[in-house]
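# Descriptive structure summary
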Amino acid sequence: MIQINRLTKTYGKARGVADLTLHVPEGGCFGFIGPNGAGKSTTIRTLLGLLSPTAGTAKILGLDCVRERNAILSQVGYMPSEAMFYPDMRVREIIRLSANLRKMDCRAQADALCEVLELDTHKHIRELSLGNRKKVSIVCAMQHRPRLYILDEPTSGLDPLVQRAFWSELEKQCKEGATVFLSSHVLYEVQRYCDRAAIIREGRLVVEGTTQELDIENKFFDYYEGRVTQ
């Protein structure tokens, strides 16, 4: 579903990602783990064609992330880490705009998601808390039922009840054949909900495998507290 080969992205002298190779299989949920500054968001934005790679290649659904960006974006549900929208628009207008950009009628699925998340669609964006803006992001990312979800820190700012509803919906989509690629700081979420995971450090992949064999929390601290140097 995702093929990353020796991907490098630099910002002048600063490192984003370095020589990253990672293949994400179709189906299930794949966790992408690392602290702030590790290169998770840079990788995601490069995959979506929002950043141009310095070197290397990346493909989504067999499509080149540079040359075929528009085709990729039409088939992916993307949720950025920052839930930023036009402040004077109402929630329902943002959700409808997202569907219209894809030229799709997503009203039934959007209504169902808003009900599950208890999202008030009549409010203006400027009236919403961070958690409720994240709910809007979830609906925009999921209402068109894409084959692939790319989610950057999706549960940050959500209360526990909404987190549970979100994971329940995501698990349902995976059972219906969708693939999920998500970055997270929440190690127990990755361990519980993801089938496979990768840990990134200073822009480089350090380990990848099934969550069962990795034991995410211990492996993460092994690398970041210096007990493992590879």
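Figured I'd write up the structure that's included with this text. Given the structure is predicted, the values throughout are model-derived calculations rather than measurements.

## Considerations on the packing of aromatic side chains
For the structure shown, the criterion picks out 4 aromatic pairs. For the pair Phe166 and Trp167, a centre-to-centre distance of 5.4 Å together with 65° between the ring planes defines the contact as edge-to-face. Classification of Phe166 by relative accessible area gives buried; the value is 1%. Measuring from centroid to centroid gives 4.2 Å for Trp167 and Tyr193, while their planes differ by 0°, and the two rings are stacked. In this pair, Trp167 is assigned in helix α6 (residues 160–175) and Tyr193 in helix α7 (residues 187–193), connecting sequence segments 26 residues apart. For the pair Trp167 and Tyr193, a shared accessibility class is recorded, and that class is buried.

## Observations regarding the side chain of Thr155
For Thr155, the position within the fold is in the loop between β7 (148–152) and α6. There is a polar contact of 3.0 Å between the side chain of Thr155 and the side chain of Glu189. Setting aside anything within four residues of it in sequence, one finds Thr155 in contact with Gln163, Phe166, Trp167, Val186 and Glu189.

## Examining the packing of helix α3 (residues 91–101) against helix α5 (residues 130–142)
The N-to-C vectors of α3 and α5 enclose an angle of 25°; their axes lie 9 Å apart at closest approach. Taken together, the axes of α3 and α5 lie roughly parallel to each other. Between α3 and α5 the crossing geometry is right-handed. On the side of α3, the interface is formed by Val91, Ile94, Ile95 and Ser98, while α5 contributes Val136, Val139 and Cys140. Its residues placed into classes, the contact of α3 with α5 shows 6 nonpolar, 1 polar and no charged.

## Here's the deal with the sheet that holds strand β4 (residues 55–60)
The strand order across the open sheet formed by 4 strands is β2-β1-β4-β5, and the pairing between neighbours is antiparallel. The open sheet terminates on both sides in strands that have one partner only, identified here as β2 (14–24) and β5 (63–64). Sheet analysis places strand β1 (residues 2–11) next to β2, joined by 7 bridges and oriented antiparallel. Paired with Lys9 across the strands is Val17, a residue of β2. Set on the sheet, helix α1 (residues 40–47) makes contact with β1, β2 and β4; between it and β1 the angle comes to about 115°.

Thresholds, definitions, all that
- Residues numbered from 1 in each chain as written.
- Predicted model: local features only at pLDDT ≥ 70, side-chain atom pairs only at ≥ 80, totals over all residues.
- Heavy atoms only, no water.
- Phe/Tyr/Trp six-rings, centres within 6.5 Å; stacked < 30°, edge-to-face > 60°.
- Buried < 20%, exposed > 50% of the residue type's maximum accessible area, 1.4 Å probe, protein only.
- Helix = DSSP H or I, 4+ residues; strand = E, 2+ residues; numbered from the N terminus.
- Polar contact = N/O pair within 3.5 Å; in protein donor to acceptor, adjacent residues only side chain to side chain.
- Contact = heavy atoms within 4.5 Å.
- Axes fitted to C-alpha atoms, helices over the stretch in contact; angles between N-to-C directions.
- Parallel < 35°, antiparallel > 145°, perpendicular 65-115°, else oblique.
- Left-handed = near helix turned anticlockwise from the far one by under 90°.
- Nonpolar A, V, L, I, M, F, W, Y, C, P; charged D, E, K, R; others polar.
- Pairing = 2+ DSSP bridges.

Fair warning: the whole summary comes from geometry, so function is off the table for now.
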